Structures are given as structure tokens and as C-alpha cells.
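Letter by letter, the chains look like this.
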Amino acid sequence: MAEKQYALGEILITEQQIRERIAQLGAQISEDYRGRELLAVGILKGSVPFMADLIRVIDNPLQMDFMSVSSYGSSTKSSGVVRILKDLDTDITGKDVLIIEDIIDSGLTLNYLKETLWGRKPASLKICTFLDKPDRRTVELKADYTGFPVEDLFIVGYGLDVNQRYRNLPYITSVVELPQQK
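Residues numbered from 1 in each chain as written. Predicted model: local features only at pLDDT ≥ 70, side-chain atom pairs only at ≥ 80, totals over all residues. Heavy atoms only, no water.

Caption draft 1: How the structure looks around unusual backbone geometry. The amide bond that connects Leu-44 to the next residue, Lys-45, takes the cis arrangement and shows omega of 0 degrees. With respect to the helices, strands and loops of the structure, Lys-45 is situated in the loop between strand S2 (38-44) and helix H2 (48-55). For Lys-121, which is not a glycine, the phi torsion comes out positive at approximately 60 degrees. Following the sequence through the fold, Lys-121 ends up in the loop between helix H3 (108-118) and strand S6 (124-132). (Helix = DSSP H or I, 4+ residues; strand = E, 2+ residues; numbered from the N terminus.)

Caption draft 2: Layout of the environment of Pro-149. Relative to the helices and strands, Pro-149 is located in strand S7 (residues 145-149). Placed 15 residues apart in sequence, Pro-149 and Gln-164 show a C-alpha to C-alpha distance of 23 Å.

Caption draft 3: Seen up close, the side chain of Asp-96. Among the secondary structure elements, Asp-96 is positioned in strand S5 (residues 96-104). Assessed through its relative accessible area of 12%, Asp-96 is described here as buried. Within the structure, Asp-96 has its side chain in polar contact with the side chain of Ser-124 (distance 2.6 Å). With residues up to four places along the chain from it excluded, the contact list for Asp-96 reads Tyr-33, Arg-36, Glu-37, Leu-38, Leu-39, Ala-123 and Ser-124. (Buried < 20%, exposed > 50% of the residue type's maximum accessible area, 1.4 Å probe, protein only. Polar contact = N/O pair within 3.5 Å; in protein donor to acceptor, adjacent residues only side chain to side chain. Contact = heavy atoms within 4.5 Å.)

Caption draft 4: Main features of the pattern of salt bridges. All told, the structure shown has 14 salt bridges when counted by the stated rule. Lys-4 is paired through a salt bridge with Glu-177; the nearest N and O atoms lie 4.0 Å apart. Residue Lys-4 is found in the segment before strand S1 (6-13), and its partner Glu-177 is found in strand S9 (residues 172-177); the two are separated by 173 residues along the sequence. By relative accessible area, Lys-4 is classed as partly exposed at 37%. Where Arg-56 meets Asp-53, a salt bridge forms, and the shortest distance between an N and an O atom there is 2.6 Å. Assessed through its relative accessible area of 62%, Arg-56 is described here as exposed. (Salt bridge = Lys/Arg side-chain N within 4 Å of Asp/Glu carboxyl O.)

Dropping the structure here:
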């Protein structure tokens, strides 16, 4: 079977808009955690560009760790089954934890992750997402910090991918599946 082909649409969020919003988020997070050390937990792979830029504008001392959690596989729609592919290396007991995510879609994966991490008894647990698709939510979940709300489109760039492609784009754009050639 031939691999699906995709075409990029118009730019929805520019590189400049991303930089400006990350500066605002960093200032807010720095203020909210003033005088406290933060453990930033990036959700692989999509959060990496966002997390790298965000932690550089947070003034507080911080540590970072990563998790890999999946409910997608190679599809563009969530499978509904959540799996932890890589767990934390850090004990989060008594720590202020900030989960950094690329996008909240159905909320299923992040809700599962939030419940799992609360069970490890952090001092606090908040969520910072780069993008939020509230119209797709199937569970009650709200981020504490949000970069941009987005419409229910399939989007790529700045960490988001389709079949592991387009993560390196410095902006957010829509993507459409091209009809299969016969």
C-alpha cells in the first residue's frame, strides 16, 4: 500500500506570533512560581520545540524531564488507548511540576497523564499547552497555560507532525491528505 501524501495549507500561526506568545507565557509562569523551583516535564516528541523555547524565558530555577505517551500511533485521530512509552527519570514527590504539551485534542492522553502524575504526590501539577482544540475535548480538562486555541483542523509545524514529518517548520499550518494516485 502506498504511503499517504499530504499538502500544506496556509500558515495559521506565524513564527513571530509564536515567539511573542512564548515570551508572555514565560513571564506568567515565572511570576506564578516566583521563589520556587520548577520541574518542567515535556511530552515527547511534539513538545520539544515549544519546551526548549519556553524554558529559556522562564526566570525560575528549573529541572526538566520527559515522558512519551501515545494514543495516536501513526494515525491522525486518537485511538483512545493511552500508553506510557517512556516514564520520568525523576521522583516528583513534593515538587512543583509543569507538564508541557504540544497540543490538547480530545484531552484523553493528558487527562490520563495528569491522574497518573497526581498519584505520585507532587506539591503542585499544572499544564502548559502550546495549542488547544477545545471543540475536540471528550474529557473535562483545561490547561493552566495555553499558547493558542486552534480550530478543529489537522495541523503541523513547531513540533506537530504527520507521520513524523513537518515537526521542524517554525510556524503552524494546516495539512490535507491528498487523494491516492491509481
